[in-house]
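# Chain and residue survey
The lines below spell out each chain.
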Amino acid sequence: MKTLYIFPHPDDESFGPAPVIYRQIQQGEKVHLLTLTRGGATKVRFKYGYSIQEMGEVRLQEMQNVKSILGLTSMTVLDYEDGGMAQMNPLDWEEILMKYIDKIKPNIIVTYPIHGISGHPDHIAIHGIMKRLFCALKLDSNYDFLKRLAFLTLPTPEGLEKKGAHAKVRSTKREDINCEVTLSSGEQEKLKESLFCYETFLDVIQETGVIQAIGNKVYFEFFNEEVKVEFLSEALPK
Ligand SMILES: [Zn+2]
């Protein structure tokens, strides 16, 4: 089983999916991470007086530790413009992504849902680009290996309580969630470990309350599937 996670920024893999990645690796699955930018444009850079390029280098460095903590099969970090994804031609993006899909031949691809969770334009752009590409590849028998397109998400809180960690977060209706992974306490520790690799982001991790917001659950939507499962690689379509 091979899964390819595609995210725009360093730390996107840690804000939620890290413990799921960890379990996949522990179970003998292969997990590849493709990050499209170095995330240098974050406003966190002003706190340290870094240029976009310097901040990108710092985040790239911090990310190396995530690779070893999770035991990723491979990690590739490209250097496209942070915040510029939506301005680029989506056909160019498809060409870039195809290079990695052809090389890795993933059974599952994971990226952001339509709301992008944080609503970041890069998150929303990669959703649209990857969804179109997935649909195109489903028509091509050379890509029969590709079975599932999954979107990392969070459920809409009961009673739509919009406070604390949920204030800026967008979510998916519970009925549209296909996969609810329950984390062990060891896996919850892995979430913290991978988040804490981003030393320049410790304030953001605190402010967003991401650790409390995730708790012991990670959620995914599956594109065009009706199943309800407890793990990403369960009940894969034929
Ligand atoms: Zn991001």
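See above for the structure.
### Points about helix 1 (residues 18–26)
Here helix 1 lies mainly inside the structure; eight of its nine residues are buried. Three or more residues of helix 1 are buried, namely Ala18, Pro19, Val20, Ile21, Tyr22, Arg23, Gln24 and Ile25. For helix 1, the secondary structure elements touched by its buried residues are strand 1 (2–7), strand 2 (30–37), helix 3 (52–70), strand 6 (179–182), helix 6 (185–196) and strand 7 (217–222). Just downstream of helix 1, glycine 28 is the residue with a positive phi angle, here 90 degrees.

### Things to note about the coordination of the zinc ion
Coordination sphere of the zinc ion, protein contribution only: His9 (ND1), Asp12 (OD), Asp12 (OD) and His123 (NE2), at 2.0 to 2.6 Å. Viewed at the metal, the four donor atoms of the zinc ion are separated by angles of 54 to 129 degrees, and the geometry they form is irregular. Of note, the zinc ion draws all its donor residues from one chain, in the sequence arrangement H-x2-D-x110-H. With histidine 9 in the loop between strand 1 and helix 1 and histidine 123 in helix 5 (residues 121–138), the pair connects residues that are 114 residues apart, well separated along the chain. Considered together, histidine 9 and histidine 123 belong to a single accessibility category, that of buried residues.

Calculation criteria
Residues numbered from 1 in each chain as written. Predicted model: local features only at pLDDT ≥ 70, side-chain atom pairs only at ≥ 80, totals over all residues. Heavy atoms only, no water. Buried < 20%, exposed > 50% of the residue type's maximum accessible area, 1.4 Å probe, protein only. Helix = DSSP H or I, 4+ residues; strand = E, 2+ residues; numbered from the N terminus. Contact = heavy atoms within 4.5 Å. Donors = N, O, S within 2.8 Å, 3.2 Å for Na, K, Ca; no water. Tetrahedral: all angles 85-135°; square planar, octahedral: opposite > 155°, others 65-115°.

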